[in-house]
Amino acid sequence: MNKLSRPCRMMLLVNPQSGKGQALTLYNNHIQRMLNEAGIQHTLVITERQNHARELVREADLSQWDALVIMSGDGLLFEVINGLLERPDWEEAIQIPLGILPGGSGNALAASIHHYSGAPQVSSEELLVSCGFLMCKGLVSPMDLVCIHLSSCPRVFSFLSLAWGFVADVDIESEKYRHVGSARFTVCTLVRLASLRVYKGKLAYLPATDLPKREEGLRNKKTLHCNNQPPTSVPGRPSTVSPCENTFHNSCHSNNSLKVRKVESTPPRSTNISLSGPSDSLLPPLDKPLPSDWTVVQEEDFVLVLAMYQSHLGEDMMAAPGSTLDEGVIHLFYVRAGISRAALLKMFLAMEKGTHLANNCQHLVHAKVRAFRLEPYTPKGIITVDGEVVEYGPVQAEVHRGLARIITG
Ligand SMILES: Nc1ncnc2c1ncn2[C@@H]1O[C@H](COP(=O)(O)OP(=O)(O)OP(=O)(O)O)[C@@H](O)[C@H]1O
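If you check an unreviewed UniProt entry, the chain appears there as sphingosine kinase from Collichthys lucidus. Comment text from UniProt for the chain, heading Subcellular location (unreviewed entry), reads "Endomembrane system".

J.: Explain the packing of helix α1 (residues 23-37) against helix α6 (residues 124-137) to me, and be specific about the residues and the numbers.
T.: Relative to each other, α1 and α6 sit at 25 degrees, their axes nearing to 9 Å. As summarised for this structure, α1 and α6 are arranged roughly parallel, according to the angle between their axes. Seen from above, α1 lies across α6 with right-handed handedness. Facing α1, whose interface residues are Leu 26, His 30, Ile 31, Met 34 and Leu 35, α6 presents Leu 128, Val 129, Gly 132 and Cys 136. Its residues assigned to classes, the contact of α1 with α6 shows seven nonpolar, two polar and no charged.

J.: Describe the confidence of the model for the chain, with residues and values.
T.: Confidence along the chain averages 83 in pLDDT terms, with 80% of residues attaining 70 or more. Segment residues 214-223 is flagged for pLDDT under 50; beyond a separation of four residues in sequence, or across chains, it makes 31 contacts in the model. Across residues 225-273, where pLDDT falls below 50, the model places 152 contacts with residues more than four positions away in sequence or in other chains. The ipTM assigned to the predicted complex is 0.95, against a pTM of 0.85.

J.: Report on the pairing of strand β7 (residues 161-165), specifying residues and quantitative values.
T.: Regular strands place side chains that alternate from one sheet face to the opposite one. Taken across its five residues, β7 has five buried, putting it largely inside the fold. In the sheet, β7 pairs with strand β12 (residues 301-308) via five bridges, with the strands oriented antiparallel. Looking at β12, one finds that Trp 164 is bridged to Val 305.

J.: Kindly report on the packing of helix α2 (residues 52-59) against helix α3 (residues 74-85), identifying the contributing residues and their values.
T.: In a pair of packed helices, the angle between the axes and the distance between the axes together describe the arrangement. Running from amino to carboxyl end, α2 crosses α3 at an angle of 30 degrees, the nearest separation of the two axes being 8 Å. Considered as vectors, α2 and α3 are oriented roughly parallel to each other. Handedness of the crossing formed by α2 with α3: right-handed. Of the residues in α3, those in contact with Ala 53, Arg 54, Glu 55, Val 57 and Arg 58 of α2 are Leu 76, Glu 79, Val 80, Asn 82, Gly 83 and Leu 84. A breakdown of the residues in the contact of α2 with α3 according to their chemical character gives five nonpolar, two polar and four charged.

Conventions used here
Residues numbered from 1 in each chain as written. Predicted model: local features only at pLDDT ≥ 70, side-chain atom pairs only at ≥ 80, totals over all residues. UniProt positions renumbered as here; feature names shortened; annotations may be inferred. Axes fitted to C-alpha atoms, helices over the stretch in contact; angles between N-to-C directions. Helix = DSSP H or I, 4+ residues; strand = E, 2+ residues; numbered from the N terminus. Parallel < 35°, antiparallel > 145°, perpendicular 65-115°, else oblique. Left-handed = near helix turned anticlockwise from the far one by under 90°. Contact = placed C-beta atoms within 7 Å. Nonpolar A, V, L, I, M, F, W, Y, C, P; charged D, E, K, R; others polar. pLDDT = per-residue confidence, 0-100. Buried ≥ 20, exposed ≤ 12 C-beta atoms within 10 Å, placed from the backbone. Pairing = 2+ DSSP bridges.

Structural data, given as structure tokens:
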């Protein structure tokens, strides 16, 4: 593995309000010295409000920076990615290496990157230190992004997940239990289990049987290059992605610490429109019929639908253990109505270790897909993208393989 050249010009965006409001303290206590010792010049930018980071990267002179690093939860990275893709020069802009240092309460991408590094599950503080080390090593990998279409907004780009039903409900409803700390997820999971809801809707997807080939250069890991020096290439990862079929798995366990993100105060993301970015070749307009090669799920009653493109949904929730950074695949899970509360609880508990797919639960279905469409029939509900609420209604998504670059160490 090649090491990060020094000095490196890094913009470090810190959301002081993220998580328990300790991101700046965590920076001072852990990250500042690590980056300095690694010879990484960084400029600290403290975000002041929602969409500050998005506006900042939309306008920034990116030639001044070798990397944009976010110290926050996943919400700030969502802003940065969408800000980059809203630029007229989005194709170049989205190539800038991004980094994540866990400062929020969910930290799903940081947990995923830590997991991909082969390290065992650790505590929150150890996760921060681990991600700090990976940042100092400075290896950059391609990362899939998923383009999401909502009814009243052309597109947003997502790097983590889309959820409807149980997971989205717990994610957002747990906000009101914030005063009990991370236990709010446990509380809300139990509350939601006690009053288990079923959602009606139509789900269809394009199976990932024929994955798109990407240029080799884009699939290779690259060393983060600094001072405008050319990148040093290192051997690429094997581009093997086995053919995927609808695979029915079983599981049953539950999660007593569902750590996803919140943003009840945040307006739905549909107000933020992204018109630039790559075109979606697989998706017809949202109000038009789907092509005949799509699979339509026969069930209409769901407990949850969850699309994952990274391994973790939270620090201790490995919802898609088989996922990798840039496989060009969406891991689509759904739980059919009829599952018992005990079985659902068992499923979430098993998710903490990522063993839920190894069990036998007839109600949990997992499919590897390249695109999907979800049309809720139940009039009220919550849909989240990367853990934050978006407009409720028909939604469809397509994966763009390796579109972004992320520092993985
Ligand atoms: N200074 C600030 N004050 C209030 N909100 C901010 C500020 N800076 C950024 N934000 C907004 O806070 C939102 C939530 O941030 P983020 O998701 O990164 O942290 P978090 O929600 O605490 O973490 P997690 O999602 O892991 O729980 C972001 O969408 C961002 O727009």
